[in-house]
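Structure at a glance
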Amino acid sequence: MQITLNSPLDMHLHLRDKEMLKTVAPLSAHTFAAAIIMPNLVPPVTTLHEVLAYKKRILEAVGDEVFEPLMTLFFKDSYDYAFLEEAKPYISGIKLYPAGITTNSEGGVSAIESAALSMTLTAMSDLEIPLLIHGESDGFVMDREKEFIPVYEELARQFPNLKIIMEHITTKESVAALERHENLYATITLHHLLITLDEVAGGMLQPHLFCKPIAKRPEDREALLSVALSAHPKVMFGSDSAPHPQHAKESCGCAAGVFTAPVALPLLAQLFDAHGKLDNLQTFVSDNAQIIYGYTPPVKEVTLEKKPFTVPEKYGEVVPMYAGEEIKWSIRSVK
Ligand code: NCD
Ligand code: ZN
């Protein structure tokens, strides 16, 4: 059995910088036609100069692969209309992190409801620049996403023309919120479709499955599966592939992030096939994102086949999801 995907897109990706960038960028670029690149470098990407310089470093790391990095800025409430108008041709969105909520988000926003954000959000709305949000409160870890939903809803009401992407949703409450507001959309990761908190911490602790937001309950995973497998028009694939070196994961104080980029498409094919929904994979992994972002990707044809593949133990310094395990699908060719 085979499936050919046209221009798969990863709408939430961490490529990092320096040696790590050189390791991971070619892996995404091999099978994806484009990806939304997260700006949470140290320091974060906040100027046009940094956007362009980072894009250049990514393209250098990618080499000959056909791959378009879709750049983002790290949200600051000091961005005004003039700056955003100048930046618009070079960015696909702006990523907002609550301060300190995840890896390298210390310079994020401390009160999202605050009127201080309205200048930037109004300009983004007028210029039609999507707002990408890591939606978690600072509450109890299992409730953080649920507690953030009123913030999403208030923003959606206040800025009806602003496209708001709820990044890496993990709960049934987020799935329900998508239905209530025309301008709310969401990315869903591979790992949140595959695992619950049980796989992370139910047995021996699995640091390579630890991420933000933490994987939730079985009913949450079911809700995510229902919209992903049916390729609901408001959801799109965003891996949130977030590489950390092995020593930072297998340590006291494990860094958050699951590295899935090199296995994302075979595992998505395996998952959609297992549910008899392979026909919807193209829509989930590319078409919906093209419509939501109004984006036409470069041409790339990725053929996957149902043939076992053993996931490598490591890519450079990084341990991928399901390292050393056999998965049922593999990449046959890329054109
Ligand atoms: C991401 C990272 O490592 O940059 N980590 C994660 O657990 N997902 C940041 C993020 O997207 O929250
Ligand atoms: Zn992320």
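Anyway, here's the lowdown on the structure attached to this text. In this text the structure is predicted, and so the values were computed from the model without any measurement. Numbering of residues begins from 1 in every chain and follows the order in which that chain's sequence is written. Numbering of ligands from 1 and lettering of chains from A proceed in the order in which they are written. Restriction of local features to residues with pLDDT of at least 70 applies here, the model being predicted, together with a cutoff of 80 or more for giving and counting side-chain atom pairs; totals for whole chains, interfaces and linings are based on all residues. To obtain the side-chain values, all non-hydrogen atoms of the structure were used and water was disregarded.

Some remarks on the overall build of the chain
Secondary structure elements follow DSSP: runs of H or I of four or more residues count as helices, runs of E of two or more count as strands, with numbering from the N terminus. Regarding its fold elements, the chain presents twelve helices and 14 strands. Computation of the radius of gyration draws on C-alpha atoms, with the globule rule given as 2.2 Å multiplied by the number of residues to the power 0.38. Its C-alpha atoms give the chain a radius of gyration of 18 Å, near enough to 20 Å, the size a compact globule of 335 residues would have. For the C-alpha atoms alone, the extent of the chain along its principal axes is close to 55 × 40 × 40 Å. Of all 335 residues assigned to the chain, the portion counted as buried reaches 58%. Three exposure classes are used, based on accessible area relative to the maximum for each residue type with a 1.4 Å probe and protein chains only: buried under 20%, partly exposed in between, and exposed over 50%.

Description of the environment of threonine 187
Positionally, threonine 187 belongs in strand 9 (residues 184–188). Since its relative accessible area comes to 0%, threonine 187 is described here as buried. Those residues in contact with threonine 187, other than ones at most four positions away along the chain, are Met11, His12, Ile165, Met166, Glu167, His168, Ile169, Met236 and Gly238. N or O atoms closer than or at 3.5 Å make up a polar contact, with two conditions inside protein: a donor-capable atom paired with an acceptor-capable one, and, for residues adjacent in sequence, both atoms drawn from side chains. For threonine 187, the side chain forms a polar contact with the side chain of glutamate 167, separated by 2.8 Å. Of note is the side chain of threonine 187, whose polar atom sits 2.8 Å from the backbone nitrogen of histidine 168. Contacts were defined at the residue level, with two residues in contact if any of their heavy atoms lie within 4.5 Å.

So, the coordination of the zinc ion (ligand 2)
Counted as donors are the N, O and S atoms within 2.8 Å of the metal, or 3.2 Å for Na, K and Ca, while water is not among the atoms, so some sites may look incomplete. Within the first shell, the zinc ion (ligand 2) binds the protein through His12 (NE2), His14 (NE2) and Asp240 (OD), at distances of 2.0 Å. Around the zinc ion (ligand 2), the four donor atoms are arranged such that angles at the metal cover 92 to 137°; this shape is classified as irregular. Mapped onto the sequence, the donors of the zinc ion (ligand 2) take the spacing H-x1-H-x225-D. In this scheme the shape depends on donor count and angles: four donors with every angle between 85 and 135 degrees give tetrahedral, four or six donors with opposite pairs above 155 degrees and others between 65 and 115 give square planar or octahedral in turn, and any other case is irregular.

Thoughts on unusual backbone geometry
At the junction of valine 42 and proline 43, the peptide bond is cis and its omega measures out at -10° in the coordinates. Within the secondary structure layout, proline 43 lies in the loop between strand 3 (34–37) and helix 2 (48–62). Along the chain, lysine 212 connects to proline 213 via a cis peptide bond; the corresponding omega equals -10°. Along the chain, proline 213 falls in the loop between helix 8 (197–202) and helix 9 (218–229). Backbone geometry places lysine 18, a non-glycine residue, at a positive phi of 50°. Within the secondary structure, lysine 18 is located in helix 1 (residues 18–31). Lysine 18 sits in the exposed class, given a relative accessible area of 66%. With a phi angle near 50°, asparagine 104 is a residue other than glycine that sits in the positive phi range. Note on placement: asparagine 104 falls in the loop between strand 6 (93–96) and helix 4 (118–127). By relative accessible area, which is 26% here, asparagine 104 ends up partly exposed.

Quick look at the side chain of threonine 171
Tracing the backbone shows threonine 171 in the loop between strand 8 (164–166) and helix 6 (172–180). Apart from the residues lying within four places of it in its own chain, the contact partners of threonine 171 are Glu145, Lys216, Asp220 and Leu224.

Let's talk about the sheet that holds strand 14 (residues 330–334)
Here we have three strands laid out as an open sheet, ordered 1-11-14, and antiparallel in their pairing. With one partner strand each, in any of the chains shown, strand 1 (2–6) and strand 14 form the two edges of the open sheet. In this sheet, adjacent strand axes meet at a mean angle of 25° when their direction is disregarded. When DSSP finds two or more bridges between two strands, those strands count as paired. Of the pairings in the sheet, the one linking strand 11 (residues 301–305) to strand 14 comprises four bridges and is antiparallel in character. Bridge pairing in strand 14 places glutamate 305 opposite serine 330. Running over the sheet, helix 11 (residues 264–274) touches strand 1, strand 11 and strand 14 and is turned about 55° from strand 11. Throughout, an axis means a line fitted to C-alpha atoms (over the contacting stretch in the case of helices), and angles, computed between N-to-C directions, take values from 0 to 180 degrees.

Thoughts on the packing of helix 11 against helix 12 (residues 281–293)
When two helices pack together, their arrangement is given by the angle between the helix axes and the distance between those axes. For the pair helix 11 and helix 12, interaxial distance at closest approach is 9 Å and the crossing angle is 135°. As far as their axial angle goes, helix 12 and helix 11 are oblique. Packed against helix 11, whose contacting residues are Leu265, Leu268, Ala269 and Phe272, the element helix 12 presents Leu281, Phe284 and Val285 at the interface. Along the lines of polarity and charge, the residues of the contact of helix 11 with helix 12 split into seven nonpolar, no polar and no charged. Between 65 and 115 degrees an angle is taken as roughly perpendicular, under 35 as roughly parallel, over 145 as roughly antiparallel, and anywhere else as oblique. Throughout, the ten residues Ala, Val, Leu, Ile, Met, Phe, Trp, Tyr, Cys and Pro are labelled nonpolar, Asp, Glu, Lys and Arg are labelled charged, and all others, Gly among them, are labelled polar.

Read these as layout, nothing more, since geometry by itself doesn't imply function.
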